[in-house]
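Letter by letter, the chains look like this.
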Amino acid sequence: MENNKLIKYESGLIKRVSDAISITNKLLGVMESRLIPYRKKDKWGFCTPDKKVVIDCIYDWVKPFSDGLAIVTLKGKKGFINTTGNVIVPCVYNNAWEFVEGLARVEMYNKNGSKYGFVDKEGNNVIPCIHVYANDFSEGLACINSFNNGFGFIDLQGQVLIPCLYGGFTENFSEGLASVKKLGGKMGFINKNGDVIIPFIYDNAHSFSEGLASVDVNGKYGFIDKNGNTVVSYSYNSASNFKEGISVVRKASENGYGLVNGIGYINKKGDVIIPCIYENGSHFSEGLANVELDRKCGYIDKDGNTVIPFIYDGSSIQIDPDIEYTTGDFSEGLASVGMNQKCGYINKKGNLVIDLIYDYGSLNPYSKGLAIVKKNDEWGYINKEGEQYWED
């Protein structure tokens, strides 16, 4: 009886702690959403949505807040500040990335070259900058290269769990497996104990997604399951990971400009749901995919119907190598498009909602209601109504 009381009490305590964490995260999210990167001439800080500067514009560059911290650059070095503007990680790193699984990857240059490590949200140097290369953590492990001996994996404490025995193209863990390359050899898959689960028989192999992995045999791509069984035959020049049950595949085809690798779409059974007729194409995002036909971009739905006509500048075929063509995927209901050497944003009905006034090739997807754009060769952030958060 006493044990039952204890269990009930602990369950209640856990629930209260969980509720408190949930409330804290929600408040943190609200606070972050009210802090917008703001540029005054060539210096950056943060403002509220009504453009009241609350963190002074003293930095060379800033990124939006994520998990309560923002990456800032000062005198060419990167660090992190919190939502009150206090420095949590000093600006001593040459590069820094956002926090993943509680740790942020950082890079520091020295006389021996570039070295990678990790810091936590309290500013502690949890894993020193000793690795020649390091990727972000995924499923509790990060791919690293130490002393140019090959690639392996460390845990969140920096302990090497899988020795650095593998070659380039080794990827992080996904769905319990990692694609790795034998030094000078083929690729296969290992588990988190380092056991070989799928043998080293592939010329190239990508991470598992939705239970399947894209692999290359003799220059042709197909898909395998986690037992190594071939699910989709090897018949494509390239094949992306599955997303929402659909993969973007590439197959050689002929069009008015000669032999090109045509883009199409397949499902997880290998059925072609949209033929390989496009010059370029992206994953479906928010129900639509950005595809290119006859050097113009438009958007199709999952049945292959044209939803937004092919009137925007293409991205894959560049007549002028100095011009970057930008027509992007939908994010938060908007997508970047390019036309007549300028860029703006459209909605899913194809209506232009942000005018074509930004520098060509400079637009990025919206995230948390903001997008970073370039105008007259200067960067700045806009909201979904086109409000500009800078002053020149």
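Description of the structure in this document. (Residues numbered from 1 in each chain as written. Predicted model: local features only at pLDDT ≥ 70, side-chain atom pairs only at ≥ 80, totals over all residues. Heavy atoms only, no water.)

## Quick look at the state of the cysteines
Item 1. Taken as a whole, this structure holds zero disulfides when the rule is applied.
Item 2. No disulfide involves Cys57; its nearest neighbouring cysteine sulfur is the one of Cys47, lying 7.9 Å away. (Disulfide = S-S within 2.5 Å.)

## A word on the sheet that holds strand β20 (residues 213-217)
Item 1. Spatially, β19-β20-β21-β22 is the arrangement adopted by the four strands of the open sheet, whose pairing is antiparallel. Unpaired on one side and paired on the other, β19 (204-205) and β22 (230-236) mark the two borders of the sheet. (Pairing = 2+ DSSP bridges. Helix = DSSP H or I, 4+ residues; strand = E, 2+ residues; numbered from the N terminus.)

## Overview of the sheet that holds strand β6 (residues 77-82)
Item 1. If you trace the four strands from one edge of the open sheet to the other, you get β4-β5-β6-β7, paired in antiparallel fashion. With one partner strand each, in any of the chains shown, β4 (61-62) and β7 (87-93) form the two edges of the open sheet.
Item 2. For β6 and β7, the ladder comprises three bridges, and the chain directions are antiparallel. Bridge pairing in β7 links Lys78 to Tyr93.

## As for the side chain of Thr327
Item 1. Within the secondary structure, Thr327 sits in the loop between β30 (306-313) and β31 (334-339).
Item 2. At 3.0 Å, the side chain of Thr327 forms a polar contact with the backbone oxygen of Asp313.
Item 3. Those residues in contact with Thr327, other than ones at most four positions away along the chain, are Asn290, Cys297, Tyr299, Tyr312, Asp313, Ser336, Val337 and Gly338. (Polar contact = N/O pair within 3.5 Å; in protein donor to acceptor, adjacent residues only side chain to side chain. Contact = heavy atoms within 4.5 Å.)

## Some thoughts on the pattern of salt bridges
Item 1. With the rule as written, the count across this model stands at 13 salt bridges.
Item 2. Here Arg105 ties to Asp136 by a salt bridge, and the two come within 3.0 Å at their closest N and O atoms. Within this pair, whereas Arg105 is found in strand β9 (residues 103-110), its partner Asp136 is found in the loop between β12 (133-134) and β13 (142-145), the two being separated by 31 residues in sequence.
Item 3. Accessibility expressed as a relative area gives 8% for Arg105, which makes it buried.
Item 4. For Lys226, the salt bridge identified is with Glu175, shortest N-O distance 3.4 Å. Linking Lys226 in the loop between β21 (220-224) and β22 with Glu175 in the loop between β15 (160-166) and β16 (178-181), this pair joins segments that are 51 residues apart in sequence. (Salt bridge = Lys/Arg side-chain N within 4 Å of Asp/Glu carboxyl O. Buried < 20%, exposed > 50% of the residue type's maximum accessible area, 1.4 Å probe, protein only.)

## Brief notes about the packing of aromatic side chains
Between two aromatic rings, the relevant description is the distance of the centres plus the angle of the planes.
Item 1. Enumeration over the complete set of coordinates arrives at 16 aromatic pairs.
Item 2. Here Tyr166 and Phe200 contribute two aromatic rings whose centre-to-centre distance is 6.3 Å and whose plane-to-plane angle is 20 degrees, an arrangement assigned as stacked. Residue Tyr166 is located in strand β15, and its partner Phe200 is located in strand β18 (residues 196-202); the two are separated by 34 residues in the primary sequence.
Item 3. Its relative accessible area of 10% is what places Tyr166 among the buried residues.
Item 4. On the numbers, 4.6 Å between centres and 55 degrees between planes, the contact of Phe223 with Phe242 is tilted. Taken together, the positions of Phe223 in strand β21 and Phe242 in the loop between β23 (238-239) and β24 (246-255) put the pair 19 residues apart, joining distant regions of the chain. Here Phe223 matches Phe242 in class, with each residue buried.
Item 5. Chaining the aromatic ring pairs together yields one cluster made of Trp97, Tyr116, Tyr133 and Phe151.
Item 6. Here the guanidinium or amino end of Lys121 rests over the ring plane of Phe99, the centre of that ring lying 5.9 Å away. (Phe/Tyr/Trp six-rings, centres within 6.5 Å; stacked < 30°, edge-to-face > 60°. Lys NZ or Arg CZ within 6 Å of the ring centre and 35° of its normal.)

In short, the description is geometric, and any link to function would need to be established separately.
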